[in-house]
Amino acid sequence: GNPLTLTTDAEWPSDWNPGNSVRATADLRDGRSLPVSLQILPPRPQVRRLALSSKLDERGGALPIHLAEGGELPVRSTVTFSVAADAPTRFNPAVKLELEAAEAEATATLDLRSGGLTLLDSRTLVATVDLLKTFGPSVYGPLRFRVTLGDDVSAWLPVGHVVRLPALHAPVCPAAEHLPCSLPGSQLYLIESVASNPEGSDAVHLEVGYTGDSISVPRPHDGHLYLRLRDDPTHPAMIDVGSAAH
């Protein structure tokens with residue numbers, strides 16, 4: 001039959017050494033019990049993510065979009081993060097790092113030869129990935145990684161949340177202050193709503209798949225507009241419209 005991989009967070013018995021086989025009993029749902037043989041494998045590589053930073057590829061003329069804190073990663077950015085190995089794990093020149101964006105069914109593998117990985121020492125790696133070049137413009141959602149050392153594979157760990165950003169330009173507001181403003185831009189279908197405050201009390205919601213090049217939005221009260229992106233509607237992003245909103 002097919003092998004079944006089991007994991008445990010509890011402390012293993014002292015005689016459960018890698019390579020050993022032990023006998024166990026499997027209790028089936030129908031009430032039967034069957035003897036099974038377990039093979040003890042080496043512990044998974046123990047790794048953890050350290051620092052994380054991203055450098056956005058700004059689009060000329062577009063207003064900067066300030067994302068919420070919490071690991072949001074624009075798809076048009078280069079992401080750099082460091083990974084530490086905890087004892088007894090040690091990195092070697094054969095180490096690889098796998099990336100997965102499950103929502104977009106996108107994967108990538110970095111190694112020392114590709115230039116995407118830098119081995120600082122046997123305990124520290126630095127990974128650099130151009131998200132757009134690596135995954136394409138449709139990637140979004142949680143991004144995670146794991147480290148492979150030969151046949152040994154670490155658990156999956158989070159990197160951040162990939163979001164796609166529209167290109168927005170300064171809003172145009174009529175002289176009459178009771179009238180809404182017009183917010184021009186491209187890829188506006190990436191926006192779920194726009195409001196004049198972080199709470200979204202006056203939010204204008206865009207229909208799914210909106211293809212226009214401008215939207216009617218509330219007049220900014222503090223020099224800012226607040227977006228909720230379809231890729232992460234939980235955290236509002238902010239654009240600084242300053243004195244342009246008039």
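Please read all numbers here as calculations on a predicted model, not as lab measurements. (Residues numbered from 1 in each chain as written. Predicted model: local features only at pLDDT ≥ 70, side-chain atom pairs only at ≥ 80, totals over all residues. Heavy atoms only, no water.)

A. Representation of the overall build of the chain within the structure. Within the chain, the secondary structure is distributed over one helix and 20 strands. Counting only residues that meet the buried cut, the chain has 36% of its 246 residues in that class. Summarising the internal contacts of the chain: among those between residues at least 6 apart in sequence, 60% fall at separations of at least 24. Carbon and sulfur atoms make up 51% of the accessible area of the chain, which amounts to about 14300 Å² in all. (Helix = DSSP H or I, 4+ residues; strand = E, 2+ residues; numbered from the N terminus. Buried < 20%, exposed > 50% of the residue type's maximum accessible area, 1.4 Å probe, protein only. Contact = heavy atoms within 4.5 Å. Areas by Shrake-Rupley, 256 points an atom, 1.4 Å probe, with all protein chains shown as cover.)

B. Here's a closer look at the packing of aromatic side chains. This model, assessed by the stated rule, comprises one aromatic pair. Ring centres 5.3 Å apart and planes at 50 degrees place the aromatic pair phenylalanine 81 and phenylalanine 145 in the tilted group. Of this pair, phenylalanine 81 sits in strand E6 (residues 77-85) while phenylalanine 145 sits in strand E11 (residues 141-149); the two residues are 64 residues apart in sequence, bridging distant segments of the chain. (Phe/Tyr/Trp six-rings, centres within 6.5 Å; stacked < 30°, edge-to-face > 60°.)

C. How the structure looks around the sheet that holds strand E3 (residues 47-56). Here four strands make up an open sheet; going across it, the order is E3-E6-E10-E9 and the pairing antiparallel. Each of the sheet's edge strands pairs with one partner strand only, and the pair in question is E3 and strand E9 (117-121). On average, each strand axis in the sheet is tilted by 15 degrees relative to the strand beside it, whichever way the strands run. Judged from the seven bridges that link them, E6 and strand E10 (residues 124-130) form a sheet pairing that is antiparallel. Bridge assignment links phenylalanine 81 to a residue of E10, and that residue is alanine 127. (Pairing = 2+ DSSP bridges. Axes fitted to C-alpha atoms, helices over the stretch in contact; angles between N-to-C directions.)

D. Representation of the sheet that holds strand E18 (residues 214-217) in the model. With antiparallel pairing, three strands are arranged side by side in an open sheet as E14-E15-E18. One side of each edge strand has no neighbouring strand; the edge strands of this open sheet are strand E14 (167-168) and E18. In this structure, strand E15 (residues 181-186) lies alongside E18, joined through four bridges in antiparallel fashion. Paired with proline 184 across the two strands is serine 214, which belongs to E18.

E. Looking closely at the environment of arginine 219. By the secondary structure assignment, arginine 219 is in the loop between E18 and strand E19 (224-229). Each C-alpha atom, one on arginine 219 and one on histidine 178, is 8.3 Å from the other, the two residues being 41 residues apart in sequence. In this structure arginine 219 touches Cys173, Pro174, Ala176, Glu177, Leu179, Cys181 and Ser196, once residues within four positions along its chain are discounted. Among the polar contacts made by the side chain of arginine 219, one reaches the main-chain carbonyl oxygen of alanine 176 at a distance of 2.9 Å. Here glutamate 177 takes part through its backbone oxygen, which lies 3.2 Å from a polar atom of the side chain of arginine 219. (Polar contact = N/O pair within 3.5 Å; in protein donor to acceptor, adjacent residues only side chain to side chain.)

F. Representation of the nonpolar core in the model. With 28 residues, the main nonpolar core has Leu97 and Leu99 as its most contacted residues. Listed by contribution, the elements that provide at least two residues to this core are E6, strand E7 (96-101), strand E8 (106-111), E10, helix H1 (131-135), E11 and strand E13 (157-163). For leucine 97, the contacting residues outside a window of four places in its chain are Phe81, Val83, Ala108, Thr109, Leu110, Leu117, Ala127, Phe145, Arg146 and Val147. In terms of nonpolar packing, the next biggest core, distinct from the first, is built from 20 residues, Leu188, Ile215, Leu225 and Val241 among them. (Core = buried A, V, L, I, M, F, W, Y, C linked by side-chain atoms within 4.5 Å.)

G. A look at the pairing of strand E20 (residues 232-240). The sheet contact formed by strand E4 (residues 65-66) and E20 spans two bridges and is antiparallel. Paired with isoleucine 65 across the strands is isoleucine 239, a residue of E20. For E19 and E20, the ladder comprises five bridges, and the chain directions are antiparallel. Each bridged residue has a counterpart across the sheet, and for leucine 225 the counterpart in E20 is isoleucine 239. Joining the antiparallel neighbours E19 and E20 is a turn of two residues.

H. Representation of the pattern of salt bridges within the structure. This structure, assessed with the given rule, holds five salt bridges. A salt bridge links arginine 48 to aspartate 86; its shortest N-O distance comes to 2.9 Å. A residue pair is termed long-range when its members are at least 10 positions apart, and arginine 48 in strand E3 and aspartate 86 in the loop between E6 and E7 qualify at 38 residues. For arginine 48, a relative accessible area of 40% puts it in the partly exposed group. Residue classification places aspartate 86 among the partly exposed residues on the basis of a relative accessible area of 27%. (Salt bridge = Lys/Arg side-chain N within 4 Å of Asp/Glu carboxyl O.)

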